[in-house]
Amino acid sequence: MEFLLGGASSMCAVLFTNPFDVLKTRQQLEGELIAKQNLKERAYKGIRQSVITVVRTDGLRGLQKGLPAALLYQFSMNGVRLGTYQTAENLGWTKSAQHPSLTPLLSLFWGGCAGLASATASCPFYVVKTQLQAVTSGSYTARFQHHHSGTLSAFVNIYRQSGIRGLFRGYTATLARLVVGSSAQMSSFSACKEFFLRYEVFQQSIVLTALASSTVAGFLTSVLMSPCDVVTTRMTNQAVSANGKGLLYTNIFDCFLKIYRSEGIHGYYKGFVPMYLRVAPHTMLNLTFWEFFKGLHERYGKH
């Protein structure tokens, strides 16, 4: 039940935040391995221009590109992540009664473990989601586009071309992204929830407590996760050879190094604004839905 509640809450959240994920992906891929000063024309500069570009080239539906894959990704990723963390919390593994000072470290550790498990479960869906979001019918500045007709055909095409390995392209980057993000999000969410519950106004409202706690968690997650997120997008969307090997990046370290050499530190924070606009409300919505569903389950599920 813990895994189902986590998955259901994230699917509700992604319905609202997927457009920002599309904008983030487009910005992260624009001007790939091109120095900022050499990038003369940018189709996705800023949120307003990015929205206009997507709508002009792909229509309003373009803002929800890759939604079925995004729903599957969120269900598999957050279902496993939140379910694993909640199970550890239920078993008392995230807190230490004898040594309270260890509690933040335990939360961080189990948040990372939850991220590790969720990265493995959700990687194929992330690959498909990213490749679908990157495709546009207009002029585009990304180095490569994978032209899949839909979610199912994307899975089939990737498997035919590269086998299982293709569905786990960029797995190490996905792993780093989710372990960093999950550790920051879950530990800060738990710590903030504990802090806010000291006050009576928060004790009376599950939703208000979740909103306040997840606002802080969303900010920390965005700042820490952005470099890994850019690397994951780049590795996932790169062109591949006939035998399925990536043509631009050989591994996560190669990708980090090439981005730094070509684009500098700025390259690691491409798409940061839409990422924050996605991660913060997604964190708020996801964890708020999660707390709400858990409350419903505790109230009605045991009768």
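Bear in mind that the values here come from a model prediction, so they are computed numbers and not experimental data.

A. Highlighting the overall build of the chain. Looking only at helices and strands, the chain features twelve helices and zero strands. Along its sequence from the N terminus, the chain presents helices and strands in the succession α-α-α-α-α-α-α-α-α-α-α-α. For a compact globule of 303 residues, the expected C-alpha radius of gyration is about 19 Å, and the chain comes in at 20 Å, within 12% of that figure. Taken along its principal axes, the extent of the C-alpha atoms in the chain is 55 × 40 × 40 Å. The proportion of buried residues among the 303 residues of the chain is 54%.

B. Structural view of the pattern of salt bridges. Going through the model one piece at a time under the given rule, you end up with twelve salt bridges. In this structure, Asp21 and Lys129 form a salt bridge, with 2.7 Å as the shortest nitrogen-oxygen distance. Of this pair, Asp21 sits in helix α1 (residues 2–29) while Lys129 sits in helix α4 (residues 103–134), placing them 108 residues apart in sequence. Among the residues examined, Asp21 registers a relative accessible area of 6% and is labelled buried.

C. Region of interest: the packing of aromatic side chains. Evaluated as defined, the whole model comprises ten aromatic pairs. Where Phe168 meets Tyr171, the ring centres are 6.0 Å apart and the plane angle is 70°; that geometry is what we call edge-to-face. Judged by relative accessible area, Tyr171 falls into the partly exposed class, the value being 25%. Site record: aromatic cluster; members linked through ring pairs are Phe195, Phe196, Tyr199 and Phe202.

D. Fine view of the packing of helix α9 (residues 206–237) against helix α10 (residues 252–263). Contact geometry of α9 with α10 gives a least axis separation of 10 Å together with a crossing angle of 105°. By the angle between their directions, the pair α9 and α10 is classed as roughly perpendicular. Here Pro227, Cys228, Val230, Val231, Arg234 and Met235 of α9 lie close against α10, whose contacting residues are Ile252, Cys255, Phe256, Ile259 and Glu263. Along the lines of polarity and charge, the residues of the contact of α9 with α10 split into nine nonpolar, no polar and two charged.

E. Main features of α9. With 32 residues, α9 extends just 39 Å between its outermost C-alpha atoms, more than 12% less than the 46 Å of an ideal straight helix rising 1.5 Å per residue. At Met225, α9 shows its maximal bend, which comes to roughly 55°, and the proline Pro227 appears one to four places after that position.

F. Inspection of helix α5 (residues 151–162) at higher detail. The end-to-end C-alpha distance of α5, which contains twelve residues, comes to 17 Å, matching closely the 16 Å that a straight helix rising 1.5 Å per residue would cover. Inspection of α5 places Thr151, Ser153, Ala154, Phe155, Ile158 and Ser162 among the buried residues, and these make up the whole buried set. The positive-phi residue at the C-terminal boundary of α5 is Gly163, with phi of around 70°.

G. Representation of unusual backbone geometry within the structure. Despite not being glycine, Leu33 shows a phi value in the positive range, around 60°. Relative to the elements of secondary structure, Leu33 occurs in the loop between α1 and α2 (46–58).

H. Representation of the packing of α4 against α9 in the model. The contact between α4 and α9 brings their axes to 9 Å, and the two run at 80°. Comparing the axis directions of α4 and α9 gives the class roughly perpendicular. In this structure, α4 uses Tyr126, Val127, Thr130, Gln131 and Ala134 to contact α9, whose residues at the interface are Asp229, Thr232, Thr233, Thr236 and Asn237.

I. Main features of a nonpolar patch on the surface. On the surface, Val180, Val216, Phe219, Leu220, Val223, Leu224, Tyr260, Ile265 and Tyr269 cluster together into a nonpolar patch covering about 760 Å² of accessible area. Looking at which element gives the most residues to the nonpolar patch, the answer is α9, with five residues. Tracing the chain through its elements places Leu224 in helix α9. The exposure class of Leu224 is partly exposed, given its relative accessible area of 47%.

Conventions used here
- Residues numbered from 1 in each chain as written.
- Predicted model: local features only at pLDDT ≥ 70, side-chain atom pairs only at ≥ 80, totals over all residues.
- Heavy atoms only, no water.
- Helix = DSSP H or I, 4+ residues; strand = E, 2+ residues; numbered from the N terminus.
- Rg over C-alpha atoms; globule rule 2.2 N^0.38 Å.
- Buried < 20%, exposed > 50% of the residue type's maximum accessible area, 1.4 Å probe, protein only.
- Salt bridge = Lys/Arg side-chain N within 4 Å of Asp/Glu carboxyl O.
- Phe/Tyr/Trp six-rings, centres within 6.5 Å; stacked < 30°, edge-to-face > 60°.
- Axes fitted to C-alpha atoms, helices over the stretch in contact; angles between N-to-C directions.
- Parallel < 35°, antiparallel > 145°, perpendicular 65-115°, else oblique.
- Contact = heavy atoms within 4.5 Å.
- Nonpolar A, V, L, I, M, F, W, Y, C, P; charged D, E, K, R; others polar.
- Expected span 1.5 Å × (residues − 1).
- Bend = angle between axes of the 7 residues up to and from the residue.
- Patch = residues over 30% accessible without salt bridge, like charges linked within 9 Å, V, L, I, M, F, W, Y side chains within 5 Å.
- Areas by Shrake-Rupley, 256 points an atom, 1.4 Å probe, with all protein chains shown as cover.

All we've got here are geometric facts, nothing functional implied.
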